[in-house]
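# Notes for the structure review
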There are 2 protein chains.
Amino acid sequence: MPILDHDTVQLAHGAGGRLSADLIGRLILPRFTSPELDRLEDQAVLDLPPGRLAFSTDTFVVSPIFFPGGDIGELAINGTVNDVAMCGAGPVALSVGFVLEEGLPLADFHRILCSMEAAAKRAGVRVVTGDTKVVGRGACDRIFINTSGLGVVPAGVELGAGLIRPGDAVVLSGTLADHGMAVMTAREGLGFSSTVRSDTAALNGLVRLILDVCPGVRALRDPTRGGVATTLNEFACAGGVGIVLEEASLPVRPDVRGACEILGIDPLYVANEGKLVAVVPADAAEAVVAAMRGHEHGRGAVVIGKVTDEHASRVTMITGLGARRIVDMPVGEQLPRIC
Amino acid sequence: MPILDHDTVQLAHGAGGRLSADLIGRLILPRFTSPELDRLEDQAVLDLPPGRLAFSTDTFVVSPIFFPGGDIGELAINGTVNDVAMCGAGPVALSVGFVLEEGLPLADFHRILCSMEAAAKRAGVRVVTGDTKVVGRGACDRIFINTSGLGVVPAGVELGAGLIRPGDAVVLSGTLADHGMAVMTAREGLGFSSTVRSDTAALNGLVRLILDVCPGVRALRDPTRGGVATTLNEFACAGGVGIVLEEASLPVRPDVRGACEILGIDPLYVANEGKLVAVVPADAAEAVVAAMRGHEHGRGAVVIGKVTDEHASRVTMITGLGARRIVDMPVGEQLPRIC
């Protein structure tokens, strides 16, 4: 499949000259056309609605770049949309920065661009500015993608881990560990778990729904690297509170659980890319869960624990046998290059 | 020099757990402290003054990471400040995304962080959000840095290559090719040119000055990758005009010219990181040049050419011998990984 005048990325595609213009004009821009991007200036100029601005950045280095349920491009759009959305903002605009390795098949790059285009459309955001660099063979692993995102925080919306209070309920939007285990099993070539798929999804619609049902939501976060265990530890520390989980309530798909068991990995520590943790006042929990279950990305929503004034800054878990154990921050590296 | 509990970057520094928190909390945050960043949420929430917003992104992959006159960190701050500033905006906030290779000496990373801190202070911008990824040995070349930037466009300021008109003057703020040749000579170990230094600098102060003196400035751009030749070709195409350069007026330092001659490189195509090209109405050119010369980053300002209605979308040059030649877009790769 010949694309442009080459089959693979050339160093000159990143040199700022004619081949750069060709790559950008014929391969990249058609996927992201927006009034700001089409100006081809070094920056986008945006007229945003008034309000506080949310700004987030993330670089995606996942390996492999294609995995069951998604690819690095879809992940890069959804990941930054989610980081922007978790403060209650409505994501509006993204920047995209590519680092391409010389020799990357242009067909692979095109496939990634197409899935970025589709993901941006689904999330309702536009790509307004970008950058493309090419490095020699061996200087990066195929493709890295940085996305930075802007969103507008509605008036009156104020979320943050510091607002969490004893008595609050901890809600998880669905099953644990799907993304991380999809990447792991793809990487390790573990055929036994061919049904495990990434959960990558843009959660801004779900966030809007939660804010509608429960304007007093304390904090939202998408538990990516380090998993739900890390997110809850961050919440507990920032709020100076304890968090108690009910092991029996933690939703894990059977195939994901099987993969975790075989690899000796605790699903609480595995990255998710289409889930969120919401801490809400206890009296709102039922309504929030019910509303979330009516949304495509919240069908598995469930209360997984509560906030306490005991064991401040600690996450603990009541196990299936009724014992209590500490759920600590991870120390080492379980799953490199998962996002 | 032991930093943290290790001398080099470990995979676990990017895993989202305790070592990540250690790297971020003890090495990165102290260099960039800002109210937004210190919240440690997944996004910054900003209260910006009203006005249109400029948004830009750039990933820096320069090799070597330390070079005469600067390093990858300083470049990453100045480069995005400049991209934001070239539409007339005042840069306010940056995001920073690191990709670190396992094994990178933490002392090198610390040195880069310190020069980013100093560059951000000089430019008057704050780092408000960030991301750090670690990849295994061989999966990237030491360190890549993405910066994305936000700035506020003052009311009434409207710049763009499409506004360029025949008769306008083309002003360059100083000498050509310093950055690219500093990186090249460092990379090639060419001792003969030990005086060649990068010109990396934040140009937002100079931009403010130009706007004060000449509110009707048509377009500004910093000629980085592809050099002044590429910037002028982009201007000529976007404006549907011709641009004629006077070869004799092009400022090049003697040591840089010598390095270019030995390496067979035309300084018009070499990256600059502390220079700008301004297209201004002819009757404002003298005042603009005079004002620029009073600024530390514009001391070498000079008119290098003019806009014509002949040779539309073409850049031509009147050589020292009075002949006219075409200055085309570069096709191939002269200088990979210069920024």
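Note that the structure is a prediction, hence the values are computed from the model and not measured. Sequence order sets the numbering: in each chain, residues are counted from 1 along the sequence as written. Note on labels: chains are lettered from A, ligands numbered from 1, in written order. Local features in a predicted model are, by the rule used here, given only for residues with pLDDT of at least 70; side-chain atom pairs are given and counted only at 80 or more, and totals for whole chains, interfaces and linings are based on all residues. The basis for every side-chain value is the complete set of heavy atoms in the structure, and neither hydrogens nor water enter the calculation.

## Structural notes on the overall build of chain A
Going along the chain from the N terminus, every DSSP run of H or I of four or more residues is numbered as a helix, and every run of E of two or more is numbered as a strand. When its secondary structure is counted, chain A shows 9 helices and 14 strands. Note on method: radius of gyration uses C-alpha positions; expected globular size equals 2.2 Å times residues raised to 0.38. Computed over the C-alpha atoms, the radius of gyration of chain A is 21 Å, within 12% of the 20 Å expected from 2.2 N^0.38 for a compact globule of 339 residues. When its C-alpha atoms are laid out on the principal axes, chain A stretches across 65 × 50 × 30 Å. Contact definition: two residues touch when any of their heavy atoms are within 4.5 Å. In chain A, the share of contacts with a sequence separation of at least 24, taken over all contacts with a separation of at least 6, comes to 85%. For chain A, the accessible area works out to roughly 11,700 Å², and carbon and sulfur atoms hold 52% of it. Each accessible area is a Shrake-Rupley estimate made with a 1.4 Å probe; only the visible protein chains count as cover when residues are assessed.

## What to know about unusual backbone geometry
Each neighbour pair has its own omega, and for Ser63 of chain A with Pro64 of chain A the value is 5°, a cis peptide bond. Along the chain, Pro64 of chain A turns up in the loop between strand E2 (52-60) and strand E3 (66-67). With a phi angle near 55°, Leu40 of chain A is a residue other than glycine that sits in the positive phi range. Counting through the fold element by element, Leu40 of chain A comes out in the loop between helix H2 (35-38) and strand E1 (44-46). Within the chain, Ala177 of chain B stands out as a residue other than glycine whose phi angle is a positive 80°.

## Section: helix H3 (residues 72-85) of chain B
Residues and elements named next belong to chain B. Counted at 1.5 Å a residue, the expected span for H3 with its 14 residues is 20 Å, and the 20 Å between its end C-alpha atoms agrees. When a residue's accessible area, from a 1.4 Å probe over protein chains only, is under 20% of the maximum for its type it is buried; when over 50% it is exposed; and in between it is partly exposed. Counted residue by residue, H3 has 14 buried out of 14 residues, so it is predominantly covered. Each polar contact in these results corresponds to two N or O atoms within 3.5 Å; when the atoms are within protein, one needs to be able to donate a hydrogen and the other to accept it, and residues that are neighboring in sequence are counted only if both atoms are side-chain atoms. Where H3 starts, the residue carrying a side-chain oxygen 2.8 Å from the main-chain nitrogen of Gly73 turns out to be Asp71. Expected helix span is given by 1.5 Å per residue-to-residue step, counting one fewer step than there are residues.

## Some details on the packing of aromatic side chains
Any two of the Phe, Tyr and Trp rings considered here, Trp counted by its six-membered ring, make a pair once their centres fall within 6.5 Å; the pair's planes then place it as stacked at under 30 degrees, edge-to-face at over 60, or tilted in between. One pass over the full model with this rule turns up 4 aromatic pairs over all chains. Here the aromatic rings of Phe98 of chain B and Phe109 of chain B are separated by 5.0 Å at their centres, their planes lie at 90°, and the arrangement is edge-to-face. Taken together, the residues Phe98 of chain B in strand E5 (residues 90-101) and Phe109 of chain B in helix H4 (residues 106-123) connect sequence positions 11 residues apart. Classification of Phe98 of chain B as buried rests on a relative accessible area of 2%. Put simply, a charge is over a ring when the Lys NZ or the Arg CZ is close to the ring centre, within 6 Å, and near the line of the ring normal, within 35 degrees. Between Lys133 of chain A and the ring centre of Phe60 of chain B, over which it is positioned, the NZ or CZ distance is 5.5 Å. Directly above the aromatic system of Phe66 of chain B lies the positively charged group of Arg111 of chain B, at a separation of 3.7 Å from the ring centroid.

## Looking at the sheet that holds strand E12 (residues 302-308) of chain A
Residues and elements named next belong to chain A. With respect to topology, 7 strands assemble into an open sheet ordered E9-E11-E8-E12-E10-E13-E14, the strand pairing being mixed. Pairing within the sheet leaves two strands with one partner each, and these edge strands are strand E9 (219-221) and strand E14 (324-326). With strand direction ignored, the average angle separating the axes of adjacent strands in the sheet is 25°. An axis is simply a line fitted to the C-alpha atoms; with a helix, the fit covers only the stretch in contact. Between two such axes, the angle follows the N-to-C directions and lies from 0 to 180 degrees. Where helix H9 (residues 285-293) meets the sheet, it contacts strand E8 (169-172), strand E11 (277-280) and E12, and its direction lies at approximately 150° from that of E12. Strands qualify as paired when DSSP identifies two bridges or more between them.

## Overview of the relation of the copies chain A and chain B
The transformation that overlays chain A on chain B combines an axial shift of 0.0 Å with a rotation of 180°, and the residual RMSD is 0.0 Å. Here the transformation between the copies is reduced to the relation of a two-fold axis. For chain A, the residue whose C-alpha comes nearest the rotation axis is Cys140 of chain A, separated from it by 2.0 Å. Mapped onto chain B, 97% of the interface residues of chain A are again interface residues, and the two copies thus contact each other with one and the same surface. In superposing the copies, a least-squares fit is computed on C-alpha atoms, taking residues whose pLDDT is at least 70 in both.

## Things to note about helix H5 (residues 178-188) of chain B
Residue and element names in this part refer to chain B. Burial of H5 is extensive: 8 of the 11 residues sit out of reach of the surface. The elements touched by buried residues of H5 are strand E3 (66-67), H3 and helix H8 (254-263). Backbone geometry just downstream of H5 places Gly189 in the positive-phi region, at approximately 60°.

## Regarding the domain arrangement of chain A
Residue and element names in this part refer to chain A. Here the limits of each domain have been adopted from an automatic or database domain assignment. By domain assignment, chain A separates into domain 1 (11-153) and domain 2 (161-326). With centres defined by C-alpha atoms, the gap from domain 1 to domain 2 works out at 28 Å. Taken together, the contacts link 19 residues of domain 1 with 20 residues of domain 2. Using a 1.4 Å probe, buried area is obtained as the accessible area two parts lose upon being combined, added over both of them. Counting each side, the surface lost to burial between domain 1 and domain 2 is near 1,600 Å², with a carbon and sulfur contribution of 60%. If you sort the residues of domain 1 by the area they bury against domain 2, Pro68, Asn82 and Met86 come out on top, with a joint share of 35%. By salt bridge we mean one thing: a side-chain nitrogen of Lys or Arg within 4 Å of a carboxyl oxygen of Asp or Glu. Between domain 1 and domain 2 we count 0 salt bridges in total. Per-element accounting of the side of domain 1 that touches domain 2 gives the leading share, 8 residues, to helix H3 (residues 72-85).

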